[in-house]
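# Structural features, examined
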Amino acid sequence: MSALWTAGVAGLLFALGLGLGGMTDPARVQGFLDFTGAWDPTLAFVMGGALAVHAPLSWLIRRRSAPVLAPAFPSLSSSQVDRRLLAGAALFGVGWGLAGYCPGPALASLASGTGLVLLFVVSMFGGMWLFGWWERSRAPTSQPQGGLSHP
Amino acid sequence: MPPFLIALLGGALIGLSASLLLLFNGRIAGISGIAGGLLSQRTRAEWAWRATFLLGLVGGGFLLRAFWPQLLGAPVAPGAAWVVAAGLLVGFGTRLGNGCTSGHGVCGVARGARRSIVATMTFMATGAATVFLIRHVLGGES
C-alpha cells in the first residue's frame, strides 16, 4: 500500500517540476532546441537543477543495502553503447522536436484537456506497442525485452 | 523570480521526485520506461506502482492547470497527422533506446552512465536538427 503512495507522490512532484521548469510548454521546448535561432537556454537549468539534486542523493541512496519499500535496487546497466540505443535516441529526438513533447510533459499536459495532447499520448503508447510487436516479430522464440530494464 | 531560477527550482523538484522513487520504491524515474511497462508488464504489482506514478503525474498536471494554467502551453504542431507522427516516434524511439529525457537525461546522466550521456547528446542533436528544419528551412524563419 505505502509503496503506491510514494509512487503517486513522486509522480505528482515530477509533474510540478516539469511545469515550473517550462517543459510542458512545447513552444519553449522548441525554443530550447533552436540553437541557430532565438535560442532560449532556460530549459538547460531544468536539467541542471535535476542533476544537482539527484546526482548526490542517488549516490547516497544507493549506499543503502536496499530501498525502504522494495527488496533491491535496480542493477546498474552495462555501459555499452549500441545501435539500438543510438537509433532509439535519434528517433525519439525527432519526435520531441516535431511536437515539443517528451513523454513526461505530454502525460502531465493531459490535464489541459487539449485534443492534440491526448492524440499525442495515444500515439506515443501506439509507438510503444508497435515496438513490442516489432520485437516479438523479430525474435519469435526468445523472450521479449521487458520494461524492467532501465537506461 | 528570474526565469532561470524558476527553471532551476522545477529541475530540483524533478530530482527530488526521482530520488524519492529510488529511495522508497527502488525504481528509476524514467517516464517512458514506467509508461511502456504498462504495455509489457503483466503482474499486478508491476502494473500498480506504474499506474499510480502516472496518475500522480497527470494529477500534478491538474494542479498546474488549477494554479498556474499558463505553464501548460498549447501544442505547436500544425495538425493531427503531425502529432501522430511525433507521438509514434517518441513512443517507438524511447522503447528502442531504453529511455527518454528523464530516464537517460536525468537519472542516467546523474550517475554518469555512458549510455545515457550518449543517448542524451543524440536526442538533443536530432531534436535540434528537427527544429532547425521546421523553423529555418520549411518555416521560412531566418
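Residues numbered from 1 in each chain as written. Chains lettered and ligands numbered in written order. Predicted model: local features only at pLDDT ≥ 70, side-chain atom pairs only at ≥ 80, totals over all residues.

## What about the overall build of chain B?
Within chain B, the secondary structure is distributed over six helices and zero strands. In chain B, the succession of helices and strands from N to C terminus is α-α-α-α-α-α. Taking all 142 residues of chain B together, the buried fraction comes to 63%. Across chain B, the fraction of contacts at a sequence separation of at least 24, relative to all contacts at a separation of at least 6, is 39%. (Helix = DSSP H or I, 4+ residues; strand = E, 2+ residues; numbered from the N terminus. Buried ≥ 20, exposed ≤ 12 C-beta atoms within 10 Å, placed from the backbone. Contact = placed C-beta atoms within 7 Å.)

## A closer look at the overall build of chain A
Along the backbone of chain A there are six helices and zero strands. Helices and strands appear in chain A in the N-to-C order α-α-α-α-α-α. The C-alpha extent of chain A, read off along each of the three principal axes, is 45 × 40 × 35 Å. Of the contacts made within chain A by residues no fewer than 6 positions apart, 43% connect residues no fewer than 24 positions apart.

## Concerning the interface of chain B and chain A
Where interface size is quoted, it is often the accessible area lost as the parts come together. The partner chain A presents 104 residues to the 110 residues of chain B that form the contact. Elements that contribute at least two residues to the side of chain B that touches chain A include exactly α1 (3-25), α2 (31-40), α3 (44-67), α4 (80-96), α5 (103-110) and α6 (114-138) of chain B. Ranked by residue count, the leading element in the side of chain B that touches chain A is α1(B), at 22 residues. Split by residue class, the side of chain B that touches chain A holds 63 nonpolar, 39 polar and eight charged. (Nonpolar A, V, L, I, M, F, W, Y, C, P; charged D, E, K, R; others polar.)

## Details of unusual backbone geometry
Not every positive phi belongs to a glycine, and B:Asn98 is a case in point at roughly 65 degrees. Within the secondary structure, B:Asn98 sits in the loop between α4 and α5.

## Details of the environment of B:Arg50
All names here are of chain B. Secondary-structure assignment places Arg50 in helix α3. Sequence separation between Arg50 and His136 is 86 residues; the distance between their C-alpha atoms is 39 Å. The contact partners of Arg50, leaving out residues within four places of it in the chain, are Ile34, Gly37 and Leu38.

## Brief notes about the packing of helix α1 (residues 2-21) of chain A against α3(B)
Where α1(A) contacts α3(B), the axes come no closer than 7 Å and their chain directions differ by 35 degrees. Read as a crossing pair, α1(A) and α3(B) show a hand that is right-handed. Its residues assigned to classes, the contact of α1(A) with α3(B) shows 17 nonpolar, eight polar and no charged. (Axes fitted to C-alpha atoms, helices over the stretch in contact; angles between N-to-C directions. Left-handed = near helix turned anticlockwise from the far one by under 90°.)

## Here's the deal with the environment of B:Gly108
Residues and elements named next belong to chain B. Within the secondary structure, Gly108 is located in helix α5. Residue class for Gly108 comes out buried when judged on the 25 C-beta atoms lying within 10 Å of it. When the C-alpha positions of Gly108 and Phe92 are compared, they lie 19 Å apart, and in sequence the two are 16 residues distant.

## So, the environment of A:Gly37
Along the chain, A:Gly37 falls in the loop between α2 (26-33) and α3 (44-61). On a C-alpha basis, the gap between A:Gly37 and A:Ala108 in space is 28 Å, while along the polypeptide they are 71 residues apart.

## A short note on the confidence of the model for chain B
Low-pLDDT portions of the prediction should not be read for the details of their coordinates. Of all residues in chain B, 98% have pLDDT values of 70 or greater, and the mean over the chain is 95. With pTM at 0.93, the complex prediction returns an ipTM value of 0.96. (pLDDT = per-residue confidence, 0-100.)

## A look at the nonpolar core
In this structure, A:Phe120 and B:Val106 are the most contacted members of the largest nonpolar core, which totals 88 residues. Of all the elements, α1(B) adds the most residues to this core, at twelve residues. Apart from the residues lying within four places of it in its own chain, the contact partners of A:Phe120 are A:Ala99, A:Tyr101, A:Ala106, B:Val83, B:Ala86 and B:Gly87. (Core = buried A, V, L, I, M, F, W, Y, C linked by C-beta atoms within 7 Å.)

## Here we look at α4(B)
Residues and elements named next belong to chain B. In this model, α4 (17 residues) spans 24 Å end to end at C-alpha, consistent with the 24 Å of a helix rising 1.5 Å per residue. Buried residues dominate α4, accounting for 13 of its 17 residues. The first or second residue beyond α4 is Asn98, which carries a positive phi of 65 degrees. (Expected span 1.5 Å × (residues − 1).)

## Some words on helix α4 (residues 83-99) of chain A
In this model, α4(A) (17 residues) spans 25 Å end to end at C-alpha, consistent with the 24 Å of a helix rising 1.5 Å per residue. Within α4(A), twelve of the 17 residues are buried, which leaves the element mostly enclosed by the surrounding structure. Where α4(A) is buried, its residues meet α2 and α6 (115-138) of chain A together with α4 and α6 of chain B. One or two steps after α4(A), the chain reaches A:Gly100, where phi turns positive at roughly 80 degrees.

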